[in-house]
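Here's the letter readout for the chains.
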Amino acid sequence: MMGKALGKIYIVLVVLFMYAPIMVLIALSFNASKSRVIWGGFTLKWYRTLFESSAIISAIGTTLLLALLSAAIACIIGLTASLGIYAMKKRDYKIMLFFTNIPLLNADIVTGIALMLWFVKFMPLGFSSVLVAHVTFNIPYVILCILPKLETMDIRQFEAARDLGATSFYAFVKILIPDLMPGIFAGFFMAFTMSMDDFVITYFTKGPGVNTLSTLIYGEIRKGIKPEMYALSSLLFFIVLIMLIIVNISARDNKDKSDLAAY
Amino acid sequence: MNKNRVQVLSIPYILWVIGFTVIPLIFVVAKAATNAEGDFTFEYLLAIFDPVHRKALLLSVCLAFISSVICVLISYPAALILKSAKFKDTKIIMFIMILPMWMNFILRILAIQLLISKNGVINHLLSVLHLGQIDIINTPIAIVIGMVYDYLPYMLLPVLNCVLAIPDDIIEAGKDLGAGKFHVLTKILIPLSLSGIGSGITMVFVPSMTEFVIANILGGGKIQLLGNIIEQEFSVSMNWNLGSGLSLTLMIFVLITTLLFGRNSANNRNFVL
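Please read all numbers here as calculations on a predicted model, not as lab measurements. (Residues numbered from 1 in each chain as written. Chains lettered and ligands numbered in written order. Predicted model: local features only at pLDDT ≥ 70, side-chain atom pairs only at ≥ 80, totals over all residues. Heavy atoms only, no water.)

J.: Describe the overall build of chain A, listing the residues and the values that go with them.
T.: Across its full length, chain A holds 11 helices and 0 strands. Counting helices and strands in the order they occur from the N terminus, chain A gives α-α-α-α-α-α-α-α-α-α-α. Here the C-alpha atoms of chain A give a radius of gyration of 23 Å, more than 25% beyond the 18 Å that 2.2 N^0.38 yields for 263 residues. When its C-alpha atoms are laid out on the principal axes, chain A stretches across 75 × 65 × 35 Å. The buried share of chain A, taken over its 263 residues, is 51%. Put simply, of all contacts in chain A between residues at least 6 apart along the chain, 71% involve residues at least 24 apart. Of the roughly 12500 Å² of accessible surface on chain A, 69% is carried by carbon and sulfur atoms. (Helix = DSSP H or I, 4+ residues; strand = E, 2+ residues; numbered from the N terminus. Rg over C-alpha atoms; globule rule 2.2 N^0.38 Å. Buried < 20%, exposed > 50% of the residue type's maximum accessible area, 1.4 Å probe, protein only. Contact = heavy atoms within 4.5 Å. Areas by Shrake-Rupley, 256 points an atom, 1.4 Å probe, with all protein chains shown as cover.)

Following this line, the structure appears as structure tokens:
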């Protein structure tokens, strides 16, 4: 069919538009020549310089630590917040959701500036200020992952456990947590990647000397062509890709298991 | 379950919101409404009417608008194709299209810069083929390309979700009642996908309008969007009062966009999970 073939071509073109630039970047990260257009042979030397640069290594460490810590803190606060919000009356519930939405709707640049104005008054700019900023924009994502799960959950199981003599903490750990696990996991993953991805808010709240991968790449590419940055970008690309594939496979496995459990 | 006792659990979050969301915004308002000596002034709140700032705002809104329209024009046909063609693995195709959303966005801008700069990959290919040269780096066109490339997944996702969710029965019913292809599109498909297009527009328009990184990297610092001016007031000129005043203006524009086109569904990334 003619129409279907044209449709396929269109979809392929859109996918090409999305991936071609990244593919070129990855190809150039293996290019021995510093030029962007001349192929000087295959090399891994940019990857080697990457791991020899202490600035890059420390940026990788900062980025991962920041993403892990901010996602973990956001998950704890977000989980307790979700439980509390879930128990609220309709009016309070709506007020809480309104405030939860502020960091999501607001422009990153305004959030970043607002936090910076606050930090310069009360705490030094550095790792801890960036951490607080990341937790702030991560909590809403966690809440939006957990709250819908709470709403579709069967609360009677929890009440049954309580009636049978479980303490509320024991029932919470044994009944609620397993049910909420997919939501908590999704929230953690989302918070982790949002933190890894963020540039603008980090840029305004970091002090001198602290660099995440985003701010490092931004600083370096403004100085000129840096093939190490292509290598770094390619690494980031593959890390995220692998993470997404793992998350999807495990999510599918869980789904299969719960489908089986339903029979 | 004792509801009051459970509600107490949200106290840490409430404190966090007050401390790190509400108070910082009050700080912005306070900075915007005072001058360097701390006296009240309207100067910075009205600074947007200064010709330089007005021009930057206009350019920001224009480029964001153009980018949003291009994103709709790319996404909508793709959604219609995926809906009508009934490929075997629509879900996987969708996954592949949305995937770049998870890639670091500075990285993606770097990739675009590689392609379109003066001695970049595209110009090299063109010169090999003797097809002349493109000279778009450091122009608004380059910035629009960057914005479209960066934010297209945020349009694709809601539009695809919305169009694919339209029941085939409705389209069949329309056809049975005599609607041609054109009427199916204008009377059924488009009206039923407006909510998806709306949230897509919010998700593309807001970040594009408040952007400064793309303009810095692809515009070579020559093109001033409102975001660039605000960033410079904070990092170079150190006039934080002016920067806050302009930020407040920006916030008002974000609010208007959200009210016009519906809120963005921040949970969008959830699709991949």
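Further notes follow.
J.: An account of the overall build of chain B is needed here, citing residue identities and associated values.
T.: Scanning chain B from terminus to terminus reveals 12 helices and 0 strands. Along chain B, from the amino end to the carboxyl end, the secondary structure elements read α-α-α-α-α-α-α-α-α-α-α-α. Each principal axis of the C-alpha distribution contributes one length, and for chain B these read about 75 × 70 × 35 Å. For chain B, the residues scored as buried account for 55% of the 273 residues in total. Partitioning the intrachain contacts of chain B with sequence separation of at least 6 by distance along the chain shows that 72% fall at a separation of at least 24. As presented, chain B carries roughly 12300 Å² of accessible surface, and 70% of it is formed by carbon and sulfur atoms. Taking the average place of the 17 positive charges on the side chains of chain B and the average place of its 14 negative ones, the gap between the two points comes to 9 Å. (Lys, Arg positive; Asp, Glu negative; His and termini not counted. Charge placed at Lys NZ, Arg CZ, Asp CG, Glu CD.)

J.: Which residues make up empty space enclosed by the protein, and what values go with them?
T.: This structure, assessed with the given rule, holds 5 cavities of 30 Å³ or more. Considered as a void within the structure, the second largest cavity measures approximately 80 Å³ in volume. Lining the second largest cavity are Ile-102, Pro-103, Asn-106, Thr-111, Ala-114, Leu-115 and Thr-136 of chain A together with Phe-20, Thr-21, Pro-24 and Leu-25 of chain B. For the lining of the second largest cavity, the secondary structure elements donating two or more residues are α4 (90-105) and α5 (108-122) of chain A together with α2 (11-32) of chain B. (1 Å grid on protein atoms, 1.4 Å probe; cavity = no way out; pocket = protein on both sides within 12 Å on 5 of 7 lines; lining within 4 Å. Points joined across faces, edges and corners; volume = space filled by probe spheres on them.)

J.: Pulling in residues and values, what's your account of the nonpolar core?
T.: One broad rule of soluble globular proteins: the nonpolar side chains tend to lie buried together. Counting 180 residues, the largest nonpolar core has Ile-109 of chain A together with Tyr-13, Met-97, Val-213 and Leu-218 of chain B as its most contacted members. When neighbours within four sequence positions are excluded, Met-97 of chain B is seen to be in contact with Ile-11, Val-14, Val-15 and Met-18 of chain A together with Ala-78, Leu-82, Leu-156 and Leu-160 of chain B. (Core = buried A, V, L, I, M, F, W, Y, C linked by side-chain atoms within 4.5 Å.)

J.: Quick rundown of the pattern of salt bridges? Include the residues and the values.
T.: What the rule picks out here adds up to 5 salt bridges over all chains. Put simply, Asp-92 of chain A and Arg-91 of chain A hold a salt bridge, and the shortest N to O gap is 3.5 Å. Using a relative accessible area of 22% as the deciding quantity, one classes Asp-92 of chain A as partly exposed. A salt bridge links Lys-118 of chain B to Asp-135 of chain B, with the shortest nitrogen-to-oxygen separation between them at 3.6 Å. Here Lys-118 of chain B, found in the loop between α5 (105-116) and α6 (121-128), pairs with Asp-135 of chain B, found in the loop between α6 and α7 (140-164); they are 17 residues apart in sequence, far enough to count as distant. Of the residues examined, Lys-118 of chain B reaches a relative accessible area of 54% and is grouped as exposed. (Salt bridge = Lys/Arg side-chain N within 4 Å of Asp/Glu carboxyl O.)

J.: Tell me about unusual backbone geometry, and name the residues and values.
T.: Residues and elements named next belong to chain B. Backbone geometry at Asn-138 places phi at a positive 70°, although glycine is not the residue there. Turning to its location among the elements, Asn-138 is positioned in the loop between α6 and α7. Of note in this structure, Met-238 is not a glycine but carries a positive phi near 60°. Secondary-structure assignment places Met-238 in the loop between α11 (226-235) and α12 (240-261).

J.: Tell me about the confidence of the model for chain A, residues and numbers included.
T.: Model confidence for chain A is summarised by a mean pLDDT of 88, while 95% of its residues fall at 70 or above. Every residue in residues 259-263 of chain A is under pLDDT 50, and counting partners more than four places away or in other chains gives 0 contacts. (pLDDT = per-residue confidence, 0-100.)

J.: How would you sum up helix α4 (residues 90-98) of chain B? Please name residues and give values.
T.: All names here are of chain B. All buried positions along α4 are accounted for by Thr-90, Ile-93, Met-94, Met-97 and Ile-98. End-on view of α4: buried residues confined to an arc of 130°, all on one side of the axis. With respect to the buried face of α4, the exposed residues turned more than 90 degrees away are Lys-91 and Ile-92. (Arc of directions from axis to C-beta.)

J.: Requested: an account of a nonpolar patch on the surface, with residues and values cited.
T.: Residue and element names in this part refer to chain B. Taken together, the side chains of Phe-65, Ile-66, Val-69, Ile-70 and Leu-73 present a nonpolar region at the surface, about 430 Å² in accessible area. Here Phe-65 lies in helix α3 (residues 51-85). Classification of Phe-65 by relative accessible area gives exposed; the value is 52%. (Patch = residues over 30% accessible without salt bridge, like charges linked within 9 Å, V, L, I, M, F, W, Y side chains within 5 Å.)

J.: Quick rundown of helix α2 (residues 45-52) of chain A? Include the residues and the values.
T.: Residue and element names in this part refer to chain A. Among the residues of α2, those classed as buried are Trp-46, Tyr-47 and Leu-50. Burial along α2 is one-sided: seen end-on, the buried residues are contained in an arc of 100°. Residues of α2 that are exposed and point more than 90 degrees away from the buried face comprise Arg-48 and Glu-52.

J.: How would you explain the interface of chain B and chain A if you had to name every residue and give the values?
T.: Counting residues at the interface gives 87 residues for chain B and 86 residues for chain A. Taken together, the two surfaces of chain B and chain A that pack against each other cover about 7700 Å², and 77% of this comes from carbon and sulfur. Put simply, chain B and chain A have 13 residue pairs in polar contact (both at pLDDT 80 or more) between them. Here the residues of the side of chain B that touches chain A sort into 59 nonpolar, 20 polar and 8 charged. (Buried area = accessible area lost by both parts, 1.4 Å probe. Polar contact = N/O pair within 3.5 Å; in protein donor to acceptor, adjacent residues only side chain to side chain. Nonpolar A, V, L, I, M, F, W, Y, C, P; charged D, E, K, R; others polar.)

J.: How would you summarise the confidence of the model for chain B if you had to cite specific residues and measurements?
T.: Residues and elements named next belong to chain B. When the pLDDT values of chain B are averaged, the result is 88; 95% of them are 70 or greater. Confidence, read as mean pLDDT per element, is least for helix α1 (residues 3-7) in chain B (79) and greatest for α2 (95). A low-confidence stretch, residues 266-273 (pLDDT under 50), is modelled with 33 contacts involving residues beyond four sequence positions or located in other chains. The ipTM value of the predicted complex is 0.88, and its pTM value is 0.89.

J.: Run through the state of the cysteines, naming residues and quoting values.
T.: Following the criterion strictly, the structure yields 0 disulfides over all chains and no others. Left unpaired, Cys-162 of chain B is separated from the closest cysteine sulfur, that of Cys-71 of chain B, by 17 Å. (Disulfide = S-S within 2.5 Å.)

J.: Pulling in residues and values, what's your account of the packing of aromatic side chains?
T.: For the coordinates displayed, the defined rule picks out 21 aromatic pairs over all chains. Between Trp-118 of chain A and Phe-122 of chain A, the ring centres sit 5.1 Å apart and the planes meet at 55°, which makes this aromatic pair tilted. Within this pair, Trp-118 of chain A and its partner Phe-122 of chain A are both found in helix α5, separated by 4 residues, close to a single helical turn. Here the aromatic rings of Phe-199 of chain A and Tyr-218 of chain A are separated by 4.6 Å at their centres, their planes lie at 55°, and the arrangement is tilted. Note that Phe-199 of chain A is positioned in the loop between α8 (168-197) and α9 (200-205) and Tyr-218 of chain A in helix α10 (residues 213-221), a separation of 19 residues in sequence. A single burial state applies to Phe-199 of chain A and to Tyr-218 of chain A, both of which are buried. Among the aromatic residues, those joined into a ring-pair cluster are Phe-199, Tyr-203, Phe-204 and Tyr-218 of chain A together with Phe-212, Phe-234 and Trp-240 of chain B. (Phe/Tyr/Trp six-rings, centres within 6.5 Å; stacked < 30°, edge-to-face > 60°.)

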